[in-house]
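# Descriptive analysis of the structure
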Amino acid sequence: MRKKHTVTTIQKRKGEEPLVMITAYDALFAKLFEEGADILLVGDSLNMSFAGKKDTVSATLEQMIYHTNAVCAGAKESFVICDMPFGTYSDKHSALQNAMEVYRKSDADAVKIEGGADKADIVAHLVRNGIAVCGHIGLLPQSVRGEGGYKVKGKTQEERLQLLKDAKAIEEAGAFCMVVEGVKTEVAKEIAQSVAIPVIGIGAGNAVDGQVLVFSDMLGLFEEFTPKFVKKYLNGAEAIREAVKAYANEVKERSFPSKEHTY
Ligand code: KIV
């Protein structure tokens, strides 16, 4: 089994073998992902695929801590990042209190914060106080209601320059890596080349330092909608429906349990 990552070993992967990040929300899946992934992200996307809500905005700190604990219990050798949910880092003071709450109540190795230059002072404050921070720029799911939808970024010169500014600000604030979501490939490449910390993309092409996917998307379990950047590595929903159907049929025809599964 490989050694658990630290912020240092993650940073050393800049420009080397791409980092593999995947979301995890519980111990069962976290254990299954541990071997293949460098980093497990307890993303607030759990509010959609786990809790069935329409977006990530209503996720709570309590919820994130609960799921982070489950993931850490299932994957003890994984570097685990806990997403700070919407409204828990709107100023330096509350951000630090809430990030410390995550550290106190779970074994999370780092937290993730959405936002660019506008959040740089908050990232810097957390880092100064001993919190490892993963940035998140580009398409920010927590801004979906404010922006009226999920919008790909980097399409105009103005957006490109803003993204480059955001990336630099987050790096200078002390983040050890950053997620870049929903950004045109060429701009994401430029971002990755402009900073010395690993840039992990989602919907941002392959010229970055790693990739992250939401597990329920890449395993084909989440069927509400499928963004263009999602590749399904398994038709999980279909496989599960088939398995439940087979179980139901066997129960009804009394072929389960057979002798093999009976005391
Ligand atoms: O919440 C999440 O799963 C995320 C990923 C989309 C990066 O932030």
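What you see is a predicted model; the values in this text were computed from it and never measured.

## Description of a nonpolar patch on the surface
Taken together, the side chains of Tyr247, Val251 and Phe256 make up a nonpolar region of the molecular surface, amounting to roughly 280 Å² of accessible area. Here Val251 lies in helix α11 (residues 236-252). With relative accessibility at 39%, the residue Val251 sits in the partly exposed group.

## Notes on helix α8 (residues 157-173)
Over its 17 residues, α8 runs 24 Å from end to end, which matches the ideal 24 Å to within 8%, given 1.5 Å per residue. Residues Leu163, Leu164, Asp166, Ala167, Ala169, Ile170, Glu171 and Ala173 constitute the buried set of α8. Buried residues belonging to α8 abut α6 (120-128), β5 (133-138), β6 (177-181) and α9 (185-194). Looking at the residues trailing α8, positive phi occurs at Gly174, about 110 degrees.

## Describing the packing of aromatic side chains
For the coordinates displayed, the defined rule picks out 7 aromatic pairs. On the basis of an interplanar angle of 65 degrees and a centroid distance of 5.7 Å, the ring pair of Phe79 and Phe176 is categorised as edge-to-face. Note that Phe79 is positioned in strand β3 (residues 79-83) and Phe176 in the loop between α8 and β6, a separation of 97 residues in sequence. You'll find Phe79 and Phe176 in the same group, each marked buried. The rings of Tyr25, Phe29, Phe33 and Phe215 are connected pair by pair, giving a single aromatic cluster.

## Considering the domain arrangement of the protein chain
In terms of domain boundaries, the protein chain breaks down into domain 1 (7-232) and domain 2 (235-263). Its C-alpha centre places domain 1 at a distance of 38 Å from the equivalent point of domain 2. Contact with domain 1, which involves 4 residues of that partner, is made by 5 residues of domain 2. Between domain 1 and domain 2 lies a buried interface of about 310 Å² when both sides are counted; carbon and sulfur atoms form 47% of it. Area buried by domain 1 at its contact with domain 2 is led by Gly220, Leu221 and Glu223, which between them contribute 80% of it. The interface formed by domain 1 and domain 2 holds 1 salt bridge in total. Taking the shortest distance from any N to any O, the salt bridge between Glu223 and Arg241 comes out at 2.9 Å. For the pair domain 1 and domain 2, the number of links is 3 residue pairs in polar contact (both at pLDDT 80 or more).

Cut-offs applied
Residues numbered from 1 in each chain as written. Predicted model: local features only at pLDDT ≥ 70, side-chain atom pairs only at ≥ 80, totals over all residues. Heavy atoms only, no water. Patch = residues over 30% accessible without salt bridge, like charges linked within 9 Å, V, L, I, M, F, W, Y side chains within 5 Å. Areas by Shrake-Rupley, 256 points an atom, 1.4 Å probe, with all protein chains shown as cover. Salt bridge = Lys/Arg side-chain N within 4 Å of Asp/Glu carboxyl O. Helix = DSSP H or I, 4+ residues; strand = E, 2+ residues; numbered from the N terminus. Buried < 20%, exposed > 50% of the residue type's maximum accessible area, 1.4 Å probe, protein only. Expected span 1.5 Å × (residues − 1). Contact = heavy atoms within 4.5 Å. Phe/Tyr/Trp six-rings, centres within 6.5 Å; stacked < 30°, edge-to-face > 60°. Domains from an automatic or database assignment. Buried area = accessible area lost by both parts, 1.4 Å probe. Polar contact = N/O pair within 3.5 Å; in protein donor to acceptor, adjacent residues only side chain to side chain.

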